[in-house]
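Fold and geometry: a report
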Amino acid sequence: MSTAYLILCLLAAIIVVLVVIMKLKLNPAIALVLGSLLMGVMAHISLTDTIDGINAGFGSMLGSIGFPIGFGIILGQLVSDSGGANVIADRMVKLFPESKAIYAVAIAAFILSIPVFFDVTFVILIPIGVALMKRINRSIAYIVGAISIGAGVAHTLVPPTPNPLAAAEIFHFDLGMMILGGTIIGLIMVFIAVTIYCKILDRGIWNKDKDETGEGMDVQEMATPERVPSFGMSLVPILLPVVIILLNTVTSTVLGDAQPEFISFLGTKTMALLLGVLAAYAIAVSCIGSKGAEKSASEALKSAGIVFLITGAGGSFAKIIALSGVNDAIVKMVSGISGSFVVVLLIAYILGLLFRQITGSGTVASLTTMTIMASVASLLPCHPVFLALACLDGALFGATLNDSGFWIVSNMTGLTFTGGAKTYTLGQAVASVTGIVVIILAALGATMIF
C-alpha cells in the first residue's frame, strides 16, 4: 500500500474517533476502539488480526502502566482525604508574601496536581485563593487563572498522572526523564505563564458585570479531619516515588550494569508508586482511621475505571497503527524535515492543540498525538522526552464548551462563559504557548550540549 493511502486511512480513523466523541457523545474509549477497527479494515488487516491487535495493544499499555496509574489515583485520594493536600496548600501560600500570592497559589496547585485530579485541586485551593484576593484587592479572575495554570501544567506534564506516564511508555524512555523534564519545564512554564496572564488582566480585560454571574457555588474550605499530618509528612507520599524513580535513573546512567538490583527493583514504576501508596495509607490511617483510609482508597478506584479504559484504548489504537504500516509512512513523510527537529516539535504541538480543541479531552488529545508521533522519535537528534513534552503541551491548550474542566471552574466560581474563557481557557492557553517555546529552547540547548 502506498504512503498516501496509509495516511488517508489514519485520517479516516481519526475523523471517526472525533465524530463518535463529538456527535454521538460516546465514551472516548469506545471511540478509540471503533477507530482502531476502521483502521485495521482499511489497511487490509484481517478481522481476526485486527481484534487481536486491539486486545494486545490494550494489554500491553495497561500491563506496563496499569498499576502505576491505579496507585497514583489512590495516592492522590488518600493525600486529599487525610487532610495532607490542605496542609500543603496552606503552607505553600504562607511561604510567599501577599504581594506574590498569585505565584503561591499557582505553585501550590502545581504540587497538588501531581497526585491529585484537577477538580479536587481546584476545590481545595479556591477558598484560600478567594480570601487572598480580598486581602490584596484583586478580582477572582487572577486566582482562577493561576490555579488553572498551575494545576493544568502539572496534570499534563508530570507523572504519575496517566498522560505523562503513558508518554514514557509510548516513546520508550526512562520514566525518570519524564519526571525530571516535566517538573523542571513545568515550573518554568508556571512562573512565566502566571506573569504574562496577570499582565493581560492588568490591561483591564476583566468586566465584573459581564464575566461574573454572582451565582457560583458557596465556596468554602473542604472539610478536614481533626488530626492532620504535618507539612513534611504530607509531602512524603508525593515525593517518595519521585525520588526513588529519579535515583534509579541516575544510578542506571552512572553505573550501568553495575547498578545494584534492589535499586532497579524499587525504581520501577510499579514499586515506586506502591511505596508512595503505602506511605499515604499509613498517614491516612493515623489521621482518619483504618476504615476511613479503606473508604478513601475504594472511592479512588471508582474514578480509575474510565482512566484505565481510555488509556488502554489508546494503546489499542497505537498497536493497530503499527500493524498497518502507518508508522513507516509517517517516518517517510517526516524524514525530510527530521534534521530541523524544531519543525517536528511544532507539528507535534499543533496536533495536540487541535485534538484538544476538537475533543475537549486532554487525555484523548495526548494519547492520539503521541501515538501518531511515536515513530518519528528515533529520527530526531534530541531526546524523545522533548517530543513527548511537545505532544502533551499542545493538549494543555485550554478549550471551552466541550471541556469538563471549563464548566467545573465556571460553575464553581460563578463565572459566565466569557469569564470562564478569560480565566481557565486563557490561562492554560498562555501556559501552553509558553511551554512550547521553553521546550524548543530546552531541546536546542540539550542538543548543543550533548
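Up top you'll find the structure we're talking about.
Figured I'd write up the structure that's included with this text. These numbers were taken from a predicted model, which means no experiment stands behind them.

Ranked by internal contacts, the top residues of the largest apolar core, which has 148 residues, are L10, V153, F171, M178, M370 and L387. Per element, the largest residue contribution to this core is 15 residues, and it comes from helix α13 (residues 269-324). Not counting chain neighbours up to four residues away, the residues in contact with V153 comprise F110, V158, G186, M189, V190, L396 and A431.

With that out of the way, let us pick up the side chain of T413. By secondary structure assignment, the location of T413 is in helix α18 (residues 404-413). Engagement of the side chain of T413 in a polar contact is seen with the backbone oxygen of V409, the distance being 2.5 Å.

This next bit is on a nonpolar patch on the surface. On the surface, L24, L26, I30, L34, L37 and I51 cluster together to form a nonpolar patch covering roughly 470 Å² of accessible area. For the nonpolar patch, the element with the highest residue contribution is helix α2 (residues 28-42), accounting for three residues. Relative to the helices and strands, L26 resides in the loop between α1 (3-22) and α2. When its relative accessible area of 35% is taken as the criterion, L26 is described as partly exposed.

On to the packing of helix α17 (residues 384-396) against helix α19 (residues 417-449). The description of two packed helices rests on the angle between their axes and on the distance between the axes. Where α17 meets α19, the closest approach of the two axes is 8 Å, and the angle between their N-to-C directions is 170°. On the basis of the axis angle, α17 is roughly antiparallel to α19. For the pair α17 and α19, the contacting residues are F386, L389, A390, D393, G394 and L396 in the first and Q428, A431, S432, G435, I436, I439, A442, A443 and A446 in the second. Partitioned by chemical class, the residues of the contact of α17 with α19 number ten nonpolar, four polar and one charged.

A word on the side chain of S316. Of note, S316 is situated in helix α13. Exposure remark for S316: the relative accessible area of 1% places this residue in the buried category. A polar contact of 2.7 Å, which involves the side chain of S316, links it to the backbone oxygen of I54. Once residues within four sequence positions are removed from consideration, S316 is found in contact with S36, I54, G57 and F58.

Tallied over the entire structure, the rule returns two salt bridges. A salt bridge links K208 to E212; the shortest N-O distance between them is 3.2 Å. The exposure class of K208 is exposed, given its relative accessible area of 56%. Close ionic contact of K422 with D211 constitutes a salt bridge, the shortest N to O distance being 2.9 Å. You can see K422 sitting in helix α19 and its partner D211 sitting in helix α10 (residues 208-211), a full 211 residues away along the chain.

Taking 1.5 Å as the rise per residue, α2 with 15 residues should run 21 Å; its terminal C-alpha atoms sit 21 Å apart, in good agreement. Of the positions making up α2, those classed as buried are P28, A29, A31, L32, G35, S36, M39 and G40. Backbone nitrogen of A29 and a side-chain oxygen of the N-cap are separated by 2.8 Å at the start of α2; the cap is N27. Within two residues after α2, H44 carries a phi angle of roughly 65°, on the positive side.

The full count for this structure, using the stated rule, is seven aromatic pairs. Measuring from ring centre to ring centre gives 5.5 Å for F67 and F71, while their planes differ by 20°; the resulting arrangement is stacked. Linking F67 with F71, this pair stays in helix α3 (residues 47-81), spanning four residues, or about one helical turn. A residue is classified by how much of its surface remains accessible, and F67, at 57% relative accessible area, is exposed. Relative accessible area serves as the criterion here: at 16%, F71 is assigned to the buried category. Consider the rings of F406 and W407, whose centres lie 4.9 Å apart with planes at 90°: the pair is edge-to-face. Taken together, the aromatic side chains of F118, F122, F406, W407, F417 and Y424 make up a single cluster linked through ring pairs. The ring of Y142 carries R138 above its face, with NZ or CZ at 4.5 Å from the centroid.

Here we come to unusual backbone geometry. A negative phi holds for most residues other than glycine; trans holds for most peptide bonds. Between P159 and P160 the backbone carries a cis peptide bond, its omega angle lying at 20°. Locating P160 in the fold gives a position in the loop between α7 (140-157) and α8 (162-171). You will see that H44, though not glycine, has its phi angle at about 65°, which is positive. Along the chain, H44 turns up in the loop between α2 and α3. Its relative accessible area of 60% is what places H44 among the exposed residues. Positive phi, normally seen in glycine, also occurs at H172, with a value near 60°. The topology assignment puts H172 in the loop between α8 and α9 (175-202).

About the cut-offs
- Residues numbered from 1 in each chain as written.
- Predicted model: local features only at pLDDT ≥ 70, side-chain atom pairs only at ≥ 80, totals over all residues.
- Heavy atoms only, no water.
- Core = buried A, V, L, I, M, F, W, Y, C linked by side-chain atoms within 4.5 Å.
- Buried < 20%, exposed > 50% of the residue type's maximum accessible area, 1.4 Å probe, protein only.
- Helix = DSSP H or I, 4+ residues; strand = E, 2+ residues; numbered from the N terminus.
- Contact = heavy atoms within 4.5 Å.
- Polar contact = N/O pair within 3.5 Å; in protein donor to acceptor, adjacent residues only side chain to side chain.
- Patch = residues over 30% accessible without salt bridge, like charges linked within 9 Å, V, L, I, M, F, W, Y side chains within 5 Å.
- Areas by Shrake-Rupley, 256 points an atom, 1.4 Å probe, with all protein chains shown as cover.
- Salt bridge = Lys/Arg side-chain N within 4 Å of Asp/Glu carboxyl O.
- Axes fitted to C-alpha atoms, helices over the stretch in contact; angles between N-to-C directions.
- Parallel < 35°, antiparallel > 145°, perpendicular 65-115°, else oblique.
- Nonpolar A, V, L, I, M, F, W, Y, C, P; charged D, E, K, R; others polar.
- Expected span 1.5 Å × (residues − 1).
- Phe/Tyr/Trp six-rings, centres within 6.5 Å; stacked < 30°, edge-to-face > 60°.
- Lys NZ or Arg CZ within 6 Å of the ring centre and 35° of its normal.

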